[in-house]
Amino acid sequence: MNYVLIRIYFILALLHWGTSASCQEDIKVNGQFQSDSLIVGDVIMYSLSAKYPANVNVVFPDSTYNFFPFEFEKKKFFPTQTKEGLSYDSVVYYVSTFEVDSVQSLALPVYIIHTADCTVVEPEPSSVKLQFLVASMPDSVETKDLPLKITVAYEPVSGNFNYIVAGAIVLGLFLMAITVWLVFGKKIKRYFKLKRLRKNHEKFLSEYTLSMDEIKSTPSTLAAEQSVGIWKKYMEQLERKPYTTLTTRETINILHNDTLKQNLQAIDRVIYGHQHASEKPFESLRDFANDQFQQKVKEVQHG
């Protein structure tokens, strides 16, 4: 029984070999470079074509094939043409090389697909010559013999902006600013508020002192009105109350201060009754503004 099986397998193998051999004879494969020379790094075209019976399934190499000593760049297919029972396929491969061998060859195969396996059909190898741009150099060359060109001209070099690093830096600064504000925000606000209070107070004292000097040198109703106006404007800014639009009576009702009441009434008699302008009520207004300023500073410091 075993002898019969062996004979059957042997006959099938002969039939398969005969079919494959006959199929290979019917398939004509041609592969060649489109140029006879190339430079390292340049792309060259390699055309691969196959003519075969229309009932045969033929496959061409794809980008996963090992093209050594060349490197695959891309490929271009052409539609299959069938005439009188024969099909014609062709593919152009674009390859490059970085090897330095003076002559380099390539023979891309086509594959005949069978039910159980496939058969490889290769064309004759096609070769190209490598063009060298630099002639061979001796082991050592003196500097004076090198083809160097001296120049001091500025050569601009373009730089690529690293958006990832820049984005990381901006994000880091933003997070740092948020952290600083959450931790020190109140202290920062308090610092600038106190600074603004002191600056406004210094400006008030400077303007009010000049106005009082004018009252001392040349007492007049205009000088008295000017001093009261400076005081009211500062108090309005300090306490956020509309002093500049209030009458003396309304101002007294807001402040509830008997000493200030007497001084404001004395100043009214100077302005409206044309009495002699005394320095004391104006000094009292200044002292009251100083007290209110100190109280405001304490509120901010302990707020």
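Computed from a prediction, not measured in an experiment: that's the story for all the values here.

The rules behind these values
Residues numbered from 1 in each chain as written. Predicted model: local features only at pLDDT ≥ 70, side-chain atom pairs only at ≥ 80, totals over all residues. Heavy atoms only, no water. Core = buried A, V, L, I, M, F, W, Y, C linked by side-chain atoms within 4.5 Å. Buried < 20%, exposed > 50% of the residue type's maximum accessible area, 1.4 Å probe, protein only. Helix = DSSP H or I, 4+ residues; strand = E, 2+ residues; numbered from the N terminus. Contact = heavy atoms within 4.5 Å. Pairing = 2+ DSSP bridges. Axes fitted to C-alpha atoms, helices over the stretch in contact; angles between N-to-C directions. Phe/Tyr/Trp six-rings, centres within 6.5 Å; stacked < 30°, edge-to-face > 60°. pLDDT = per-residue confidence, 0-100. Salt bridge = Lys/Arg side-chain N within 4 Å of Asp/Glu carboxyl O. Expected span 1.5 Å × (residues − 1). Parallel < 35°, antiparallel > 145°, perpendicular 65-115°, else oblique. Nonpolar A, V, L, I, M, F, W, Y, C, P; charged D, E, K, R; others polar.

## Here's the deal with the nonpolar core
Within soluble globular proteins, side chains that are nonpolar tend to cluster in buried spots.
Next up, step 1: Counting 29 residues, the largest nonpolar core has Tyr208, Trp231 and Phe282 as the members making the most contacts within it.
Next up, step 2: Mapped onto this core, the elements with two or more residues apiece are helix H2 (163-217), helix H3 (221-239), helix H4 (248-255), helix H5 (258-272) and helix H6 (280-301).
Next up, step 3: Sort the elements by how many residues they give to this core and H3 lands first, with eight residues.
Next up, step 4: Beyond its immediate sequence surroundings of up to four residues, tryptophan 231 is in contact with Phe204, Tyr208, Leu255, Leu260, Leu264, Leu285, Phe288 and Ala289.

## Focus on the sheet that holds strand E9 (residues 118-121)
Next up, step 1: Spatial ordering of the open sheet is given by E4-E8-E9, a layout of three strands whose pairing is antiparallel. Because the sheet does not close on itself, it has two edges, and the strands there are strand E4 (57-59) and E9. Taken over all neighbouring pairs, the strand axes of this sheet differ in orientation by 30° on average, direction set aside.
Next up, step 2: Where strand E8 (residues 110-113) and E9 come together, four bridges link them in antiparallel fashion. Directly across from isoleucine 113, in E9, lies its bridge partner cysteine 118.

## Observations regarding the packing of aromatic side chains
Next up, step 1: Using the criterion set out here, one finds 10 aromatic pairs in the structure.
Next up, step 2: Summarising the aromatic geometry, the rings of phenylalanine 33 and tyrosine 46 are spaced 5.1 Å apart at their centres and angled 70° between planes, so their arrangement reads as edge-to-face. Here phenylalanine 33, found in strand E1 (residues 28-33), pairs with tyrosine 46, found in strand E3 (residues 43-53); they are 13 residues apart in sequence, far enough to count as distant.
Next up, step 3: A residue is classified by how much of its surface remains accessible, and phenylalanine 33, at 8% relative accessible area, is buried.
Next up, step 4: By relative accessible area, which is 0% here, tyrosine 46 ends up buried.
Next up, step 5: Centre to centre, the rings of phenylalanine 33 and phenylalanine 70 are 5.2 Å apart; their planes meet at 45°, and the pair counts as tilted. Of this pair, phenylalanine 33 sits in strand E1 while phenylalanine 70 is found in strand E5 (residues 70-83), placing the two residues 37 residues apart along the sequence.

## Considerations on the confidence of the model for the chain
Next up, step 1: Confidence along the chain averages 83 in pLDDT terms, with 85% of residues attaining 70 or more.
Next up, step 2: With pLDDT under 50 throughout, residues 1-6 is counted as low confidence; its partners more than four residues away or in other chains account for zero contacts.
Next up, step 3: In this model residues 8-23 is a low-confidence stretch, pLDDT under 50, and it forms five contacts with partners more than four residues away in sequence or in other chains.

## Overview of the pattern of salt bridges
Next up, step 1: The tally for this structure, following the rule as stated, stands at two salt bridges.
Next up, step 2: A salt bridge links aspartate 287 to arginine 286; the shortest N-O distance between them is 3.8 Å.
Next up, step 3: The closest approach of N and O atoms between lysine 296 and glutamate 299, which form a salt bridge, is 3.9 Å. Of this pair, lysine 296 and glutamate 299 both sit in helix H6, three residues apart, roughly one helical turn.
Next up, step 4: For lysine 296, a relative accessible area of 25% translates into the label partly exposed.
Next up, step 5: Accessibility expressed as a relative area gives 45% for glutamate 299, which makes it partly exposed.

## A few points about H6
Next up, step 1: Given a rise of 1.5 Å per residue, 22 residues ought to cover 32 Å, and the 32 Å separating the end C-alpha atoms of H6 matches this to within 8%.
Next up, step 2: Those residues of H6 lying buried are Pro281, Phe282, Ser284, Leu285, Phe288, Ala289, Gln292, Phe293, Val297 and Val300.
Next up, step 3: Where H6 is buried, its residues touch H2, H3, H4 and H5.

## A word on the packing of H3 against H6
Next up, step 1: In the contact formed by H3 and H6, the axes pass within 11 Å of each other and the chain directions differ by 10°. With respect to H6, the axis of H3 lies roughly parallel. Contacts between H3 and H6 involve Ala224, Ser227, Val228, Trp231, Tyr234, Met235, Leu238 and Glu239 on the former and, on the latter, Phe282, Leu285, Phe288, Ala289, Gln292, Phe293 and Lys296.
Next up, step 2: Grouping the constituent residues of the contact of H3 with H6 by class yields 11 nonpolar, two polar and two charged.

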